[in-house]
Amino acid sequence: MKRSHLILLAVGIVLALALPRILYSALALRIISWALFAVSVDLLLGYGGMLSFGHAAFWGGGGYAAALLAKTFQLPFPIAVLGGTIVAMALAAPIGYLAIRRRGIYFAMVTLAFAQMLFYLVNEWRDVTGGENGVQAVPKLLLPGLSVSRTADFYYAALPLVVVGFLLAYRIVHSPFGHVLVSIRENESRAQALGYATWRYKLVAFVLSGGLAGLAGSVFAIGNSFASLDLLHWTTSGSVVLMTVLGGMGTLWGSAVGAAIVLLLEDQLSSFTDASGVVTGAILVAIVIFFRRGLWPTLSDLVRRTASSPGGA
Amino acid sequence: MDLGYLSVLLFNGLVNGAFYALLSLGLAIIFGVMRVVNFAHGAFYMLGAFAAYLLLQQAGIPFWPALLIAPLAVGLGGAVCERLLLRRLYTLDPLYSFLLTFGLTIFIQDAMRLRFGIQGQPYPLPGELASSVSLGLVSYPAYRLFVIAFSLAVCVAVWYVIERTRLGMVVRAATERTELTRALGIDVDRWITGVFAFGIALAALAGVLAAPMRNVSPLMGSELIILTFAVVVIGGLGSIAGAVAAGFLAGLLASVGAIFDPAIENVIVFALMAVILLVRPAGLFGSQEAA
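Nothing here was measured: the structure is a model prediction, and the numbers come from that model. (Residues numbered from 1 in each chain as written. Chains lettered and ligands numbered in written order. Predicted model: local features only at pLDDT ≥ 70, side-chain atom pairs only at ≥ 80, totals over all residues.)

Asker: I keep staring at the overall build of chain B and nothing clicks. Help me out?
Answerer: Per the secondary structure count, chain B includes 11 helices and two strands. Each helix and strand of chain B, placed in order from N terminus to C terminus, yields the pattern α-α-α-α-β-β-α-α-α-α-α-α-α. Expected size for 291 residues packed as a compact globule is a radius of gyration near 19 Å; at 19 Å, chain B falls within 12% of this value. The principal-axis extents of the C-alpha atoms in chain B amount to approximately 60 × 50 × 35 Å. Every one of the 291 residues in chain B was classed for burial, and the buried ones make up 51%. Put simply, 75% of the contacts in chain B that link residues at least 6 apart link residues at least 24 apart. (Helix = DSSP H or I, 4+ residues; strand = E, 2+ residues; numbered from the N terminus. Rg over C-alpha atoms; globule rule 2.2 N^0.38 Å. Buried ≥ 20, exposed ≤ 12 C-beta atoms within 10 Å, placed from the backbone. Contact = placed C-beta atoms within 7 Å.)

Asker: Would you take a moment to explain the overall build of chain A for this structure?
Answerer: Within chain A, the regular secondary structure consists of 14 helices and two strands. Taken over the C-alpha trace, chain A has a radius of gyration of 19 Å; the compact-globule value for 313 residues is 20 Å, and the two agree within 12%. Considered along the principal axes of its C-alpha atoms, chain A spans approximately 60 × 50 × 40 Å. Here chain A, with 313 residues, has 51% of them falling under the buried criterion. Sequence-distant contacts, at least 24 apart, represent 77% of the contacts inside chain A between residues at least 6 apart.

Asker: I tried to follow the interface of chain A and chain B on my own but got confused; where do I start?
Answerer: Interface extent is often summarised as the accessible area lost during association of the parts. Counting residues at the interface gives 35 residues for chain A, matched by 34 residues for chain B. Its residues assigned to classes, the side of chain A that touches chain B comprises 23 nonpolar, eight polar and four charged. (Nonpolar A, V, L, I, M, F, W, Y, C, P; charged D, E, K, R; others polar.)

Asker: Is there a simple way to explain unusual backbone geometry in this structure?
Answerer: For residues that are not glycine, phi is negative in most cases, and the peptide bond is trans in most cases. Residues and elements named next belong to chain A. Here glutamine 74, not a glycine, exhibits a phi torsion of approximately 50°, which is positive. Along the chain, glutamine 74 falls in the loop between α3 (56-72) and α4 (77-99). A count of 12 C-beta atoms within 10 Å places glutamine 74 in the exposed class. Notably, leucine 252 is not glycine yet its phi reads approximately 60°, a positive angle. With respect to the helices and strands, leucine 252 occurs in the loop between α11 (234-247) and α12 (253-269). What makes leucine 252 buried here is the crowd of 26 C-beta atoms within 10 Å.

Asker: When you look at the confidence of the model for chain B in this model, what are you seeing that I'm missing?
Answerer: Close reading of the predicted structure is inappropriate where its pLDDT is low. Per-residue confidence for chain B averages 89 on the pLDDT scale, and 98% of its residues sit at or above 70. Scoring of the predicted complex yields 0.92 for pTM and 0.90 for ipTM. (pLDDT = per-residue confidence, 0-100.)

Asker: Before we go on, may I ask you to explain the nonpolar core in this structure?
Answerer: Soluble, globular proteins show a tendency: their nonpolar side chains are buried together. Membership of the largest hydrophobic core comes to 214 residues, with the highest contact counts inside it found for A:Ala113 and B:Ala204. Ranked by residues supplied to this core, first place goes to helix α1 (residues 3-34) of chain B with 16 residues. (Core = buried A, V, L, I, M, F, W, Y, C linked by C-beta atoms within 7 Å.)

Asker: Just checking my understanding: could you explain the packing of α11(A) against α12(A) for this structure?
Answerer: Packed helices, taken two at a time, are described by the angle between their axes plus the distance between the axes. All names here are of chain A. In the contact formed by α11 and α12, the axes pass within 7 Å of each other and the chain directions differ by 120°. Here α11 lies oblique to α12, going by the angle between them. The handedness of the crossing between α11 and α12 is right-handed. For the pair formed by α11 and α12, the contact residues are Ser239, Leu242, Met243, Thr244, Leu246 and Gly247 on the first element and Gly254, Ser255, Ala256, Val257, Gly258, Ala259, Ile261 and Val262 on the second. Grouping the constituent residues of the contact of α11 with α12 by class yields eight nonpolar, six polar and no charged. (Axes fitted to C-alpha atoms, helices over the stretch in contact; angles between N-to-C directions. Parallel < 35°, antiparallel > 145°, perpendicular 65-115°, else oblique. Left-handed = near helix turned anticlockwise from the far one by under 90°.)

Asker: When you look at α11(A) in this model, what are you seeing that I'm missing?
Answerer: All names here are of chain A. Counted at 1.5 Å a residue, the expected span for α11 with its 14 residues is 20 Å, and the 20 Å between its end C-alpha atoms agrees. When you tally the buried positions in α11, you get 13 out of 14 residues, the bulk of the element. Positive backbone phi, at 110°, marks glycine 248, one or two positions downstream of α11. (Expected span 1.5 Å × (residues − 1).)

Asker: How should the environment of B:Val269 be read in this particular structure?
Answerer: All names here are of chain B. In this structure, valine 269 sits in helix α11 (residues 267-279). Exposure remark for valine 269: the 30 C-beta atoms within 10 Å place this residue in the buried category. A sequence separation of 41 residues divides valine 269 from threonine 228, and the C-alpha atoms of the two residues are 9.4 Å apart. Residues contacting valine 269, with those up to four places away along its chain left out, are Leu227, Ala230, Val231, Ala250, Leu253 and Ala254.

Asker: Would you mind going over helix α8 (residues 176-186) of chain A with me for this structure?
Answerer: For an α-helix, the turn length of 3.6 residues means that residues three or four places apart are oriented alike. All names here are of chain A. Buried within α8 we find Val180, Leu181 and Ile184. All buried residues of α8 lie within an arc of 105° about the axis, which places them on one face of the element. Away from its buried face, by an angle of more than 90 degrees, α8 presents the exposed residues Pro176, His179 and Glu186. In this structure, the buried side of α8 is in contact with α2 (25-47), α9 (188-193) and α10 (198-223). (Arc of directions from axis to C-beta.)

Asker: When you look at the packing of helix α2 (residues 41-59) of chain B against helix α3 (residues 63-84) of chain B in this model, what are you seeing that I'm missing?
Answerer: Residue and element names in this part refer to chain B. At their nearest, the axes of α2 and α3 sit 9 Å apart, and the two run at 130° to each other. As summarised for this structure, α2 and α3 are arranged oblique, according to the angle between their axes. When the axes of α2 and α3 are compared, the crossing they make is right-handed. Contact residues: Phe44, Leu47, Gly48, Ala51, Ala52, Leu55 and Leu56 in α2; Ala66, Ile69, Ala70, Pro71, Ala73, Val74 and Gly78 in α3.

Asker: Would you take a moment to explain the environment of A:Tyr106 for this structure?
Answerer: Residues and elements named next belong to chain A. Along the polypeptide, tyrosine 106 turns up in helix α5 (residues 104-124). Accessibility expressed as a C-beta count within 10 Å gives 25 for tyrosine 106, which makes it buried. Linking tyrosine 106 and leucine 17, residues 89 residues apart in sequence, is a C-alpha distance of 40 Å.

Laid out in structure tokens, this is it:
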């Protein structure tokens, strides 16, 4: 890791540790889970150039699987989260296989449609998923018999999992694999001409990204003791894309910042309206028109310019 | 399984297909000319239904005039969106306009929710079509038959205009060779606004048709738009006839699926999409180039 990245990581971890003290712990938990979720989308969109509009399938698929595992077998949550991650990857493999047959805007539509299909299936499969009631009263066990039912305790117990997820994403984008992915984003035919089986790279990226989304969703669902259809709704897929675009695509950190900003905003709005989409929708429209670079690239430019100008600014 | 029940199911499928066809037709036209996949199509469909509802509530204007006025009004709103927002994105990756229209969708939906609440509002059937028609084996609501016939007529008319008239020729030329069309002295930008407004008006028309059958509510277009995307992937966005055919096909197939298990009615359209992606990724009527 580069030194500047290590410093950033240290700052990020300190911030994450302090988060439940600054905000309330339920909001802090929401922020770290959605941050990892947004990072998983960025991995695919910012590096692979694939806009998945169906990542709710993996966030929700993982979340439901983890919640069911934790509840049915009274499993410690790290194991349930691992199970949720695996289920999400198992879902991502066939969906990704089909979706990468189309590119660009079609890819977005296809992923969106498959996520909606999963939404209907989970809704109909009431015996297992509880239909519209969802999976309720999911236990939060750290070890068999040792419960971390307070949200603040759970937050610190789950934070390492989220950090591991983030490090994995970092590792993936800075590996040779990640570089091939970027080359596919830039020019797929050229990457093919260089001898890369691009579809294989895209599929692996899709499955890895789905796994990270599943990890995030599992932590989120168990942390809330609840898996509901909201996890799988298409607005969830859209919200996470909004976070990534707001933060700046292809930066990983930006996605985390974007997630934090959107959630803080929604938290403020929720005290006086349940129709926060009026604000978040308008923001997305404004970003796409005026601010396509996103926050992180803009900020890091600013920092760089300030640092390099003599005497600072 | 008796034949009467079967034919009712088939007609229901055609009714659903009529809505898919009108919506995917609008999507295909907009995509053809602008390379924009309009996520907000479902929201404009909902606005069409609300326009009809408000015309009746506020001004006492009944269904038939509303069938004309509501699409015009919503189409005008679409033209404003195109001029103010979408216009700025044409030189960019289509993903940006997709994101923009997604933002627009949640904005419109939640704005309507703030104003009208989540509860659906009933809209009366037009008096002339409130009865049922005997089809030999069974009787079927006259209004639903009207929906099938009317949307088919609209689809055929649109197809005719685009494929067989001078107007359509200009639109197709602007689609395929924008620069060349400009060089021939045709104001392409003006056509683009008009075409977008027309596509939106088709969505609003579907909304007005839906109002007497389904409750008028802010979320009525929210799931429909995703199903329509699946339909569009099945048909291939490149062709007008393909969009319409895939719409009716999806509607029929979903009803037939419901014979075996009502739970899979929604899922079956997506399953068909998966099959199409496997065997013919460009869509039933799509050209490979568009893939």
